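Secondary and tertiary structure notes
Chain by chain, the residues:
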Amino acid sequence: MKPIETKQEYSNYVDQKSPNSPILKNCFNAFWVGGLICSIGQILFDFCKFKGLDETSSSSIVSIVLIGIAAILTGLNIFNKIGKFAGAGSLVPITGFANSIVSPAIEYKSEGYVMGVGGKMFTVAGPVLVFGISASVIIGIIYTFFV
Amino acid sequence: MEFFQSIDWMQMLRCFVVGGLICIIGQILIDKTKLTPARILVIFVTTGAILGGLGIYKYLIDFAGCGATVPLTGFGANLAKGAIQEVQNSGLLGAFIGGVKMSAGGIAAAVFFGYIASLIAKPKIKKQ
């Protein structure tokens, strides 16, 4: 076998060797699992409103409950199995955010409860919060001066 | 039960379809690009915040309910919505308070449940 010299050759080599992921099947699974998670959220939301809560509180409760469930399921190693099957279907809903906190935290548990769990929790969630909150601050500033 | 009679099934269907479609966008990003999941989450939150800031995302929320709010784009849109609302109440200060205030429940839950779940979990032993 001739040695791989350029990046292009390497990327061709990788494409050749890695199995083609069946994109249609993946999209189908992502669609129905993602849709289902959102529907569970909707039922919760309707239930909160049925109990007389306002929209803001209801959607906070939906986030809190979904995040709580996803965190516990990740801790029990069930969520990762769902994630393997559903791909973006469980990653894109807010459940993926919870999963992205718990997964690295478990992995680095051996480094201790403060810097290991407490620090590594934010390897993925950190960037999400940095960009999300920064965007909201910028939007607020723009809104203050230009709208 | 009275609650189940009150469910709007058309609303539920719209929620399912829109939520599913947003996930399909994520799946296409995973399969067709070399973006890591972390970057995809960042892209979704930032896109949501921008769409929320432009006032576009709220039409999707009106249409699909939790189908639009549960995906991470909804989290971003919620941050932007909070910032704008708070700016209307308290001026520039609101730009810094509003976003986090609006999504405080989600952030605190993620930190708290995330830590608790990590404590109860046993680290997997990797097979060599």
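A quick note: this is a predicted structure, and the numbers were derived from the prediction, not measured.

Examining the overall build of chain A
- Within chain A, the secondary structure is distributed over eight helices and zero strands.
- Each helix and strand of chain A, ordered N terminal to C terminal, gives the series α-α-α-α-α-α-α-α.
- Its C-alpha radius of gyration of 20 Å places chain A more than 25% over the 15 Å reference for a compact globule of 147 residues.
- With the C-alpha coordinates of chain A rotated into their principal frame, the extents come out at 70 × 40 × 40 Å.
- Split into buried and exposed, the 147 residues of chain A put 46% on the buried side.
- If you take every contact in chain A between residues at least 6 apart in sequence, the share linking residues at least 24 apart comes to 54%.

Overview of the overall build of chain B
- Along the backbone of chain B there are eight helices and zero strands.
- The order of helices and strands in chain B, counted from the N terminus, is α-α-α-α-α-α-α-α.
- Taken against the 2.2 N^0.38 rule, which gives 14 Å for 128 residues, the C-alpha radius of gyration of chain B at 18 Å runs more than 25% over that of a compact globule.
- Its C-alpha atoms give chain B principal-axis dimensions of about 55 × 40 × 40 Å.
- The burial tally for chain B puts 49% of its 128 residues in the buried class.
- The contacts of chain B with a sequence gap of at least 6 include a subset with a gap of at least 24, amounting to 58%.

A few points about the environment of Pro127(A)
- In this fold, Pro127(A) is placed in helix α8 (residues 122-146).
- By C-beta crowding, Pro127(A) is classed as partly exposed, having 16 other C-beta atoms within 10 Å.
- With 121 residues separating them along the chain, Pro127(A) and Thr6(A) place their C-alpha atoms 32 Å apart.
- The contact partners of Pro127(A), leaving out residues within four places of it in the chain, are Ala38(B) and Val42(B).

A short note on the interface of chain A and chain B
- Across the contact, 65 residues belong to chain A and 62 residues belong to chain B.
- Among the secondary structure elements, those contributing two or more residues to the side of chain A that touches chain B are α2 (23-50), α3 (55-75), α5 (88-91), α6 (94-107) and α8 of chain A.
- It is α2(A) that provides the largest number of residues to the side of chain A that touches chain B, a total of 17 residues.
- Within the side of chain A that touches chain B, the residues separate by chemical class into 40 nonpolar, 22 polar and three charged.

A word on the confidence of the model for chain A
- Confidence in the prediction for chain A averages 89 pLDDT; 94% of positions are at 70 or higher.
- α3(A) holds the highest mean pLDDT among the elements of chain A, 94, whereas helix α1 (residues 7-17) of chain A holds the lowest, 74.

A look at the nonpolar core
- Grouped together as the largest cluster of nonpolar side chains are 75 residues, with contacts concentrated most on Ile67(A), Phe97(A), Ala98(A), Ile101(A) and Leu41(B).
- Those residues in contact with Leu41(B), other than ones at most four positions away along the chain, are Gly96(A), Phe97(A), Ser100(A), Val124(A), Val128(A) and Leu72(B).

Let's talk about α2(A)
- Its 28 residues give α2(A) an end-to-end C-alpha distance of 40 Å, which sits within 8% of 40 Å, the value for a rise of 1.5 Å per residue.
- Count one or two residues on from α2(A) and you reach Gly52(A), which has phi positive near 95 degrees.

Considering the environment of Lys81(B)
Residue and element names in this part refer to chain B.
- Examined against the element boundaries, Lys81 turns out to sit in helix α6 (residues 72-90).
- Accessibility expressed as a C-beta count within 10 Å gives 25 for Lys81, which makes it buried.
- As a C-alpha pair, Lys81 and Gly99 span 18 residues in sequence and 7.1 Å in three-dimensional space.
- Not counting residues within four places of it along the chain, the set of residues in contact with Lys81 comprises Gly52 and Met102.

Some remarks on the packing of α8(A) against helix α3 (residues 37-53) of chain B
- Contact geometry of α8(A) with α3(B) gives a least axis separation of 9 Å together with a crossing angle of 15 degrees. As judged from the angle between their axes, α8(A) and α3(B) are roughly parallel. The element α8(A) and its partner α3(B) pack so that their crossing is right-handed. Touching Val124(A), Pro127(A), Val128(A), Phe131(A), Gly132(A), Ala135(A), Ser136(A) and Ile139(A) of α8(A) are Ala38(B), Leu41(B), Val42(B), Val45(B), Thr46(B), Ala49(B), Ile50(B) and Gly53(B), all from α3(B).
- Looking at the contact of α8(A) with α3(B) residue by residue, the classes come out as 12 nonpolar, four polar and no charged.

The rules behind these values
- Residue positions are given per chain, counted from 1 along the sequence in the order it is written.
- Going through the entries in the order they are written, you letter the chains from A and number the ligands from 1.
- Confidence filtering applies because this is a predicted model: local features only for residues at pLDDT of at least 70, side-chain atom pairs given and counted only at 80 or more, and all residues used for totals across whole chains, interfaces and linings.
- Think of it this way: any DSSP run of H or I at least four residues long counts as a helix, any run of E at least two long counts as a strand, and we number them from the N terminus.
- Atoms considered for the radius of gyration are the C-alpha atoms alone. The globule rule reads 2.2 Å times the number of residues to the power 0.38.
- The exposure label follows from counting other C-beta atoms within 10 Å of a residue's C-beta, where the C-beta atoms are placed from the backbone and the thresholds are 20 or more for buried and 12 or fewer for exposed, leaving partly exposed in between.
- With C-beta atoms placed from the backbone, a contact is any residue pair whose C-beta atoms sit within 7 Å.
- Three classes are used: nonpolar for Ala, Val, Leu, Ile, Met, Phe, Trp, Tyr, Cys and Pro, charged for Asp, Glu, Lys and Arg, and polar for all others, with Gly counted as polar.
- Per-residue confidence from the prediction method is given by pLDDT, with values spanning 0 to 100.
- A set of buried residues qualifies as a nonpolar core if it consists of Ala, Val, Leu, Ile, Met, Phe, Trp, Tyr and Cys joined through C-beta atoms within 7 Å.
- Between the first and last residue of a helix there are one fewer steps than residues, each counted as 1.5 Å, and that sum is the expected span.
- In this description, a line fitted to the C-alpha atoms serves as the axis of each element, helices being fitted only across the stretch in contact, and the angle between N-to-C directions of two axes falls anywhere from 0 to 180 degrees.
- Working definition: roughly parallel below 35 degrees, roughly antiparallel above 145 degrees, roughly perpendicular at 65 to 115 degrees, and oblique for all remaining angles.
- In this scheme the crossing of two helices becomes right-handed for a clockwise turn of the near helix relative to the far one and left-handed for an anticlockwise turn of less than a right angle.

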